[in-house]
Each structure stands twice: as C-alpha cells, then as structure tokens.
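# Residue-level structural notes
Listed below are the residues making up each chain.
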Amino acid sequence: MDLLALADFNLVARHGGFGRAARAAGRPKATLSRRVTELEASLGLRLFERGGRALKLTQEGRALFERTGALLTELDEAAAAIASGGESPRGRLRISAPLLFSQTAMGKLAAAFSRNFPEVRLEVTTDDRPVDLVEEGYDLVIRVNPPADETLVGRAFLRDRLVVAARPDLTRPQDGSPARAVVRGSGDGAETWEITTAQGRSRLAVEPVLRLSSMTMVRDAALAGVGAARLPISLVGRDLRTGRLAHWGDVDGPEIALWALYPSRRLLSARVSAFLDHLKAAFPTGAPEELAAYLDDESR
C-alpha cells in the first residue's frame, strides 16, 4: 500500500472534502483526487461516495480511516520527535469539555497549558453531548460520569458534590410546606430533594418556581433570592464561606466525577500526556475543594 496515498486519503477524510483538504494542506486538489483514486484502484474498493457537492466515506472507507488515522498521527509525531531530538509536545490538540467546567475552569487551564507548551496549538470546544473522538477529530474529551465505553480509556481527575444552598434571608420551611426552588432543566410539578444535614438525612419538599438551562444561571438566581438550589460545592464554595449563600444540606446521590478520556487503540501522544499531567498538577487529589480553590485563585 502506498503510504503517501494513504496519508492523502486520511487528509481528505478528516477535512470532509478534496477542496477543504487542499486548502488546509496547501496542496493541489487534483493531486489529492488522483492519489485517492490510485489508492482505491490498488485496494479494489471505493472509499468515498461522490455525488454533487457531498463527499461521504463508504463503510470500507470509514473502517480504513478509523484504523489508519491514529497510526499516521503517531508516525508524524515520532518523526517530529526524532527531528527535534526529544519528545517535546507540539502540534494540534483538540479537546471537548462540558459547559460548566469550561465556563469556570477551562479558560485558566488552557492559558496555563499554552504558556507551558507554546508549540502546542490547543483548541477547546464546549459540548455536553457525547462527541465521537475519531469521527469529530478530538484527541481528548472531558466528561461528567461517562458511561462505560470499551473503545475509550481515561482517568477521573476531579470529583464534586451537590449541596442545597439559598440566600440567608430565605428561610427553610419547618412545617413541611415546599420551599421555593430554582432548578436546572425542564419539567412540571413539585419535587422532593434528599439531603443530609448535621441532624441526619431528611427530605426537602420543593416547588420549582424557575427552571434554567445552566448551573451558572441557577447560581445567579439563587444569589438573587428567587429560591433554594442544588449546586456543585466547587461553584458555590466562596459564596458559602462569605455568607452570600447559606448551606441547607448535602444532596444525597451518586458521586460527580470528571473524566479525561481518549481512544484506547492509539498510543498516548506527547500532547495528550502533557495535558493529563497538567490536570494532575492543577488538581493533585481531585477533591471538590481543590476546584473551588482553583476558581478562587485570581493569580492563575
């Protein structure tokens, strides 16, 4: 198999078209088309479905792209490392991270990483959906409590927990009547929150009076006195310490864990290894208090 033709095929597949691939690589479109056609002829397979403006991988083309893309990346990185005389991270690093973590911590983390590794072109996108690492070209994804996936490996680098908090002038009902509440997401009707206080476990009846789509919006509404809210301790730790919010109890429920995930079939690149080490340095134990302290530290 012609390795150069295979590399050109991966270039076209990654960019989704001959024109975009040619512009990205500074190569003639006709050359890329000829190389891919020659590769198809040598394999006896059609790798792309060509029709109109759309260019779509066939089933065989997708399989070839998924199996060879990571290998070609590793070859490029190995060649670059040998040429530079070391394993200094360099090149493009694409990361997908959830909304709340991106809004609160990712800007500081990305800036510090870029200062430490100026030869890495870091790109971070925010998305709460489960992205496809291979199909969408990500090197690393950060996810909250991800489901088991045999195609991915990774590590939990940070843990958090939910608390019920409200402005101090909002008194928790003692007669069993529902408390006004700000909640994340849609839905109708009353709810009951299971919480733990110094006196033990209890149920808090709540009446959602405001529904918002992000935790930062919920926090802002709670600070405005609209109602009580379930919020991550990392997000409201400073508010609780300064008295802007009062702690009504800890929410009973599963642990919240942030995971850094990457494809198990590819060797761990120097860029990904460097970012994983960066996360470990920022959060050595992964405790919720570390994230709260990280967010409070204005010097970072």
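Below is a short write-up of the structure. All of these numbers come straight from a predicted model, not from anything done at the bench.

Right, let's get into the overall build of the protein chain. Tallying secondary structure elements over the protein chain gives 10 helices and 13 strands in all. Every one of the 300 residues in the protein chain was classed for burial, and the buried ones make up 41%. In the protein chain, the proportion of contacts linking residues at least 24 apart, taken out of those at least 6 apart, comes to 73%. Of the roughly 16000 Å² of accessible surface on the protein chain, a fraction of 51% belongs to carbon and sulfur atoms.

This part takes up the pattern of salt bridges. In the structure shown here, the tally under the stated rule is 18 salt bridges. With a shortest N-O distance of 3.1 Å, Glu123 and Arg92 are connected by a salt bridge. Linking Glu123 in strand S4 (residues 120–126) with Arg92 in strand S3 (residues 91–97), this pair joins segments that are 31 residues apart in sequence. Note on Glu123: relative accessible area 32%, which makes it partly exposed. Among the ionic pairs, Glu289 bridges to Arg161, the shortest N-O distance being 3.2 Å. Pair noted here: Glu289 is in helix H10 (residues 288–296) and Arg161 is in the loop between strand S6 (152–160) and strand S7 (162–166), with a separation of 128 residues, a long-range link. We classify Glu289 as partly exposed; its relative accessible area is 45%. Taking relative accessible area as the criterion, Arg161 reaches 34% and is therefore assigned partly exposed. Here the salt bridges share partners, and the residues they tie into one network are Arg219, Asp220, Asp239 and Arg244.

On to the pairing of strand S13 (residues 256–263), then. Within S13, seven of the eight residues are buried, leaving the element largely enclosed by the surrounding structure. One ladder, built from four bridges, connects strand S5 (residues 140–144) with S13; its direction is antiparallel. Counterpart to Arg143 in the pairing with S13 is Trp259. By the bridge criterion, eight bridges tie S6 to S13 in an arrangement that is antiparallel. Counted as the bridge partner of Arg159 is Ala257 from S13.

Definitions and cut-offs
- Residues numbered from 1 in each chain as written.
- Predicted model: local features only at pLDDT ≥ 70, side-chain atom pairs only at ≥ 80, totals over all residues.
- Heavy atoms only, no water.
- Helix = DSSP H or I, 4+ residues; strand = E, 2+ residues; numbered from the N terminus.
- Buried < 20%, exposed > 50% of the residue type's maximum accessible area, 1.4 Å probe, protein only.
- Contact = heavy atoms within 4.5 Å.
- Areas by Shrake-Rupley, 256 points an atom, 1.4 Å probe, with all protein chains shown as cover.
- Salt bridge = Lys/Arg side-chain N within 4 Å of Asp/Glu carboxyl O.
- Pairing = 2+ DSSP bridges.

None of this, on its own, says anything about what the molecule does.
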